[in-house]
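Coordinates in review
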Amino acid sequence: MSVRVGLGFDVHRLVEGRPCVLGGIVLPHPSGPLGHSDGDAVLHAIADALLGAAGLDDLGTLYSDKDPRWKGANSAELFADVVRRVRAAGWKPVNVDVVIATEGPRIAPQRAAMRARIAELVGLAADAVNVKGKSLEGLGALAGGTGVAVQAVCLVER
Ligand code: MG
């Protein structure tokens with residue numbers, strides 16, 4: 001059996017009035033990620049980690065933000081297609097770990113729901129998906145605290 005690890009990163013600006021879609025769920029927060037799609041930085045980072053592990057380029061190459069097909073796209077649909085590609089290449093996801101750095105929405109109260117949703121989309125048990133929220137200690141490193149940055153790693157095997 002061989003195993004591989006993949007790393008993903010994504011960042012989006014948080015804008016008032018946009019739905020706060022992160023990790024495939026909508027968080028109760030007055031601002032949400034700006035993007036060509038729904039801006040779900042969590043699913044985007046995990047998707048890049050999965051694609052990286054499987055050696056399948058990256059999200060931006062496969063689903064260009066210049067392509068009108070993906071305008072306003074539900075990231076969960078793109079994500080499901082990424083999982084399909086990874087599995088079609090013979091790789092089985094083993095686990096996913098995510099860090100969400102933001103001074104926007106609080107992650108801890110939504111952690112269980114987010115883990116369950118990501119697990120459902122990847123086809124894993126919820127305990128194989130971990131999500132950690134991280135504040136930026138008021139340093140405002142992300143556009144004065146109005147952004148969200150996400151790191152993700154995943155392991156795959158075949
Ligand atoms: Mg993105």
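A quick note: this is a predicted structure, and the numbers were derived from the prediction, not measured.

Attention shifts here to the pattern of salt bridges. In the structure shown here, the tally under the stated rule is six salt bridges. With its nearest N and O atoms 2.8 Å apart, the salt bridge here joins glutamate 120 to arginine 117. Here arginine 117 and glutamate 120 lie together in helix 4 (residues 111–122), a separation of three residues that amounts to about one turn. A single network of salt bridges, built from pairs that share partners, joins Asp81, Arg84 and Arg85.

Attention shifts here to helix 3 (residues 75–88). An ideal rise of 1.5 Å per residue puts 20 Å on 14 residues; helix 3 measures up with 20 Å between its terminal C-alpha atoms. Those residues of helix 3 lying buried are Ser75, Ala76, Leu78, Phe79, Val82, Val83 and Val86. Buried residues of helix 3 fall within an arc of 155 degrees about the axis and therefore sit on the same side. Opposite its buried face, helix 3 presents the exposed residues Glu77 and Ala88, each directed more than 90 degrees away. Of the surrounding elements, those touching the buried residues of helix 3 are helix 1 (41–54), helix 2 (59–62) and helix 4. Structurally, the start of helix 3 carries an N-cap: the backbone nitrogen of alanine 76 is 2.9 Å from a side-chain oxygen of asparagine 74. In the segment just after helix 3, glycine 90 is the residue with positive phi, at about 95 degrees.

Right, let's talk about the coordination of the magnesium ion for a bit. With distances of 2.1 to 2.2 Å, the protein atoms coordinating the magnesium ion are Asp10 (OD), His12 (NE2) and His44 (ND1). All donors to the magnesium ion come from one chain, and their sequence spacing reads D-x1-H-x31-H. One end of the pair, aspartate 10, is in strand 1 (residues 3–16); the other, histidine 44, is in helix 1, and 34 residues separate them in sequence. Taking relative accessible area as the criterion, aspartate 10 reaches 16% and is therefore assigned buried. Using a relative accessible area of 10% as the deciding quantity, one classes histidine 44 as buried.

As a further point, take the environment of isoleucine 118. Its location among the elements puts isoleucine 118 in helix 4. Through-space distance from the C-alpha of isoleucine 118 to that of serine 64 is 22 Å; in sequence the pair is 54 residues apart. Sequence-distant contacts of isoleucine 118, that is, excluding residues within four places in its chain, are made with Gly23, Val42, Leu43, Ile46, Val129 and Val131.

What follows is about the side chain of serine 75. Within the secondary structure layout, serine 75 lies in helix 3. Of note is the side chain of serine 75, whose polar atom sits 2.5 Å from the side chain of aspartate 38. A distance of 2.9 Å separates the side chain of serine 75 from the side chain of histidine 44, its partner in a polar contact. For serine 75, the residues in contact, after removing those within four places along its chain, are Ser37, Asp38, Gly39, Asp40, Leu43 and His44.

Definitions and cut-offs
- Residues numbered from 1 in each chain as written.
- Predicted model: local features only at pLDDT ≥ 70, side-chain atom pairs only at ≥ 80, totals over all residues.
- Heavy atoms only, no water.
- Salt bridge = Lys/Arg side-chain N within 4 Å of Asp/Glu carboxyl O.
- Helix = DSSP H or I, 4+ residues; strand = E, 2+ residues; numbered from the N terminus.
- Expected span 1.5 Å × (residues − 1).
- Buried < 20%, exposed > 50% of the residue type's maximum accessible area, 1.4 Å probe, protein only.
- Arc of directions from axis to C-beta.
- Contact = heavy atoms within 4.5 Å.
- Polar contact = N/O pair within 3.5 Å; in protein donor to acceptor, adjacent residues only side chain to side chain.
- Donors = N, O, S within 2.8 Å, 3.2 Å for Na, K, Ca; no water.

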